[in-house]
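Each chain, letter by letter, is given below.
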Amino acid sequence: MSLIIFNTLSGKKEVFEPVRENIVGMYVCGVTVYDYCHVGHARSGVVFDTIFRYLKHCGYDVTYVRNFTDIDDKIINRSKEQNISWQELTEKFIQAFYEDMGRLYIQSPTEEPKATDHIQEMLDMISSLIERGKAYESEGDVFYSVSSFDEYGQLSGKNIADLQAGARVDVNEKKRDALDFVLWKKSKPDEPNWDSPWGAGRPGWHIECSAMGRKYFGDTFDIHGGGKDLVFPHHENEIAQSCGVTGCLPVRFWVHNGFVNIDKEKMSKSLGNFFTLRDIYKKFHPEALRLFLVSSHYRSPIDFSMKNLEDAEKVILRFYEALDNAESIVGDHNISLDEIKNHPFLAKCEKAMNDDFNTAVVVAHLNEESRRINSECILIGSGEGDKKNLALRLSTFRFVGELLGLLTGSPEKIRQEIFNIKKTELELDVGKIECLIDDRNEARKNKDWGRADECREELAHMGVVLEDTSKGTEWKIK
């Protein structure tokens, strides 16, 4: 089955065919580095990391470019608030980005350019737009003339006449038209600036991505991604700029992920209704967050809640328990990659991914397969079943998980990490827990069932669940 991707530009699913055979260029708009990342950023990061993984699995030679916007008004204002240079501020939050996204098992893109390292490419594009009558200089600023591009609105479905009618009165008298957008901004005396033919200034946001995309991929490339909020005006303006320079569409497939909502509103810093990843990691394992994010189709909005993360954490623990059970039975096993690639479970998951990267269906398949693995373990334990078949099923299960950026660790490591998070969050007194377990075991030994029940109830009140096994009494957090 061919890979089919929903193209925002056409508004429908299309068979994916790269510009160059077996080679894919993918550019994704990255973060503006003035603060810590929130769950909305994580969704975009996970979505395009998963697409990156799957394209490579399909055999494509993928160049993945994800930029950093490291100069804009928010950065300048925040650096002034903190009384540090804009370079110090952006470097701090670039490093924070790597730390927070790295815990989500997001792979490094091929290239991670900073906007400020590509000023010359932006100046070249702006000069070309002016020469072609698509842009104009006005008192040190340069604006793109939207009326010069007849196809403006083709990505978002917006009509120029409607936009003009709905535009507020623009107090910027430098513009010829209220819809025109800035390509180059004249800097104020205390702002960062670069030399240009129009005086000292800095680039507008939209030109950054057009220039960097063209630098790494040329005039036309395969996939441009980002959040749904970037369709208009950012990506619409990118098309106008790039077409103004080259005369051709810059991108074959425009791919946009849906919003993360809280109380039916988009999560964002501007609305103040966001959770940083660092907030989440204090309560939940990063792999639980990743599972939550891939459990919905990437284009759908998702509702964020602590309850949904709790459910995701339970599911990820079930997956690891299935792995643990099976690995303890099959031991060391030598399964080849060819055997995995020919397994029907992988084929079923590939069918879902080939339909516009439907990770939600793959997660459902993983749930079903984990139950089959557990059933196979029971059969083998009763003297039936096939260890070789279980070993192959197990290897394929983990392989599919890793395509989604899941199941990358050992069961014991993940359980311990989750335990440590909960222990810290709940401020558990491990020494007291172990003393109560010892007291309970002693009471049971003496057939003091009342005292044994008291110990269990006190532990339950602390959020601790006991499990009596052949190895002794084990405990976990509820």
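Residues numbered from 1 in each chain as written. Predicted model: local features only at pLDDT ≥ 70, side-chain atom pairs only at ≥ 80, totals over all residues. Heavy atoms only, no water.

Draft legend 1. Examining the sheet that holds strand β10 (residues 251–257) more closely. Taking strand neighbours across the sheet as the criterion, the 4 strands line up as β4-β3-β9-β10 in an open arrangement whose pairing is parallel. Of all the strands in the sheet, the pair left with one neighbour each is β4 (61–66) and β10. Between one strand axis and the next, the sheet turns through 20° on average, direction left out of account. Both strand β9 (residues 221–227) and β10 contribute to a ladder of 6 bridges, which runs parallel. Across the sheet, residue F221 finds its bridge partner in β10, namely V251. (Pairing = 2+ DSSP bridges. Helix = DSSP H or I, 4+ residues; strand = E, 2+ residues; numbered from the N terminus. Axes fitted to C-alpha atoms, helices over the stretch in contact; angles between N-to-C directions.)

Draft legend 2. Structural detail: helix α9 (residues 286–294). With 9 of its 9 residues buried, α9 lies for the most part within the structure. Of all the residues in α9, the buried ones are P286, E287, A288, L289, R290, L291, F292, L293 and V294. (Buried < 20%, exposed > 50% of the residue type's maximum accessible area, 1.4 Å probe, protein only.)

Draft legend 3. Region of interest: the nonpolar core. Counting 129 residues, the largest nonpolar core has L55 and L289 as its most contacted members. Tallying contributions element by element places helix α10 (residues 306–330) first for this core, with 10 residues. Ignoring anything within four residues of it in the chain, the contact list for L55 reads L3, F16, V24, M26, Y60, V62 and I223. In terms of nonpolar packing, the next biggest core, distinct from the first, is built from 8 residues, I437, C455, M462 and V464 among them. (Core = buried A, V, L, I, M, F, W, Y, C linked by side-chain atoms within 4.5 Å. Contact = heavy atoms within 4.5 Å.)

Draft legend 4. How the structure looks around the sheet that holds strand β7 (residues 181–186). Read across the open sheet, the 4 strands follow the order β5-β6-β7-β8; overall the sheet is antiparallel. The open sheet has two free edges, formed respectively by β5 (135–138) and β8 (201–203), since each of these has just one partner strand. On average, adjacent strands in this sheet sit at an angle of 20° to one another, irrespective of strand direction. Here 3 bridges tie β7 to β8, and the two strands are oriented antiparallel to one another.

Draft legend 5. Representation of the pattern of salt bridges within the structure. Throughout the structure, instances matching the rule amount to 32 salt bridges. Between R66 and E112 there is a salt bridge whose closest N-O contact spans 2.7 Å. Taken as a pair, R66 in strand β4 and E112 in the loop between α3 (86–102) and α4 (119–131) lie far apart in primary sequence, 46 residues in all. Across the salt bridge formed by D439 and R451, the nearest N and O atoms sit 3.5 Å from each other. One end of the pair, D439, is in helix α16 (residues 430–445); the other, R451, is in helix α17 (residues 449–461), with 12 residues separating them in the sequence. Given a relative accessible area of 29%, R451 falls into the partly exposed group. Look at the salt bridges and you will find they share partners, linking D73, K185, E191 and R202 into a network. (Salt bridge = Lys/Arg side-chain N within 4 Å of Asp/Glu carboxyl O.)

Draft legend 6. Here's a closer look at the packing of aromatic side chains. Enumeration according to the criterion identifies 19 aromatic pairs in this entry. Judged by centre distance (6.1 Å) and plane angle (75°), the ring pair of F292 and F304 falls under edge-to-face. Taken as a pair, F292 in helix α9 and F304 in the loop between β13 (302–303) and α10 lie far apart in primary sequence, 12 residues in all. Every member of this aromatic cluster is reached through a ring pair, and the members are F16, Y60 and F253. Across from the ring centre of F232, 5.1 Å away, lies the NZ or CZ of K158, which sits over that ring. (Phe/Tyr/Trp six-rings, centres within 6.5 Å; stacked < 30°, edge-to-face > 60°. Lys NZ or Arg CZ within 6 Å of the ring centre and 35° of its normal.)

Draft legend 7. Quick peek at the domain arrangement of the chain. Under the domain assignment, the chain is made up of domain 1 (19–262), domain 2 (305–412) and domain 3 (428–477). Between domain 2 and domain 3, the C-alpha centre-to-centre distance is 33 Å. (Domains from an automatic or database assignment.)

Draft legend 8. Quick look at the pairing of strand β6 (residues 141–144). Because side chains alternate across β6, one face comprises the buried residues D141 and F143, and the other comprises V142 and Y144, equally buried. Here β5 runs beside β6; their pairing, made up of 4 bridges, is antiparallel. Across the sheet, residue Y136 finds its bridge partner in β6, namely F143. The loop that links β5 with its antiparallel partner β6 comprises 2 residues; one of these, E139, has a positive phi angle of about 55°. Across 3 bridges, the pairing between β6 and β7 is antiparallel. Residue pairing for β7: V142 is matched across the bridge by W184.

Draft legend 9. Representation of the pairing of strand β1 (residues 4–7). Examined bridge by bridge, β1 and strand β2 (residues 12–15) share 4 bridges and lie antiparallel to one another. Each bridged residue has a counterpart across the sheet, and for I5 the counterpart in β2 is E14. Between β1 and β2, which pair antiparallel in sequence order, lie 4 residues; one of them, G11, sits at a positive phi of approximately 75°.

Draft legend 10. Representation of the environment of F357 within the structure. Tracing the backbone through its elements, the reader meets F357 in the loop between α12 (344–354) and α13 (359–381). When its relative accessible area of 3% is taken as the criterion, F357 is described as buried. Residues F357 and Y298, spaced 59 residues apart in sequence, show a C-alpha to C-alpha distance of 7.7 Å.

Draft legend 11. Just α10, in detail. The terminal C-alpha atoms of α10, which comprises 25 residues, lie 36 Å apart, in line with the 36 Å expected from a rise of 1.5 Å per residue. For α10, the complete set of buried residues consists of L309, A312, E313, V315, I316, F319, Y320, A322, L323, A326 and V330. G331 lies just past α10 and shows a positive phi near 60°. (Expected span 1.5 Å × (residues − 1).)

Draft legend 12. Region of the structure containing the packing of α10 against helix α14 (residues 387–403). It is at 10 Å that the axes of α10 and α14 come closest, and there the two elements cross at 145°. Two packed elements cross with a definite hand, and for α10 against α14 that hand is left-handed. Together, F319, L323, A326, E327, I329 and V330 of α10 and K387, L390, A391, L394, F397 and R398 of α14 make up the contact between the two elements. Looking at side-chain class alone, the contact of α10 with α14 contains 9 nonpolar, no polar and 3 charged residues. (Left-handed = near helix turned anticlockwise from the far one by under 90°. Nonpolar A, V, L, I, M, F, W, Y, C, P; charged D, E, K, R; others polar.)

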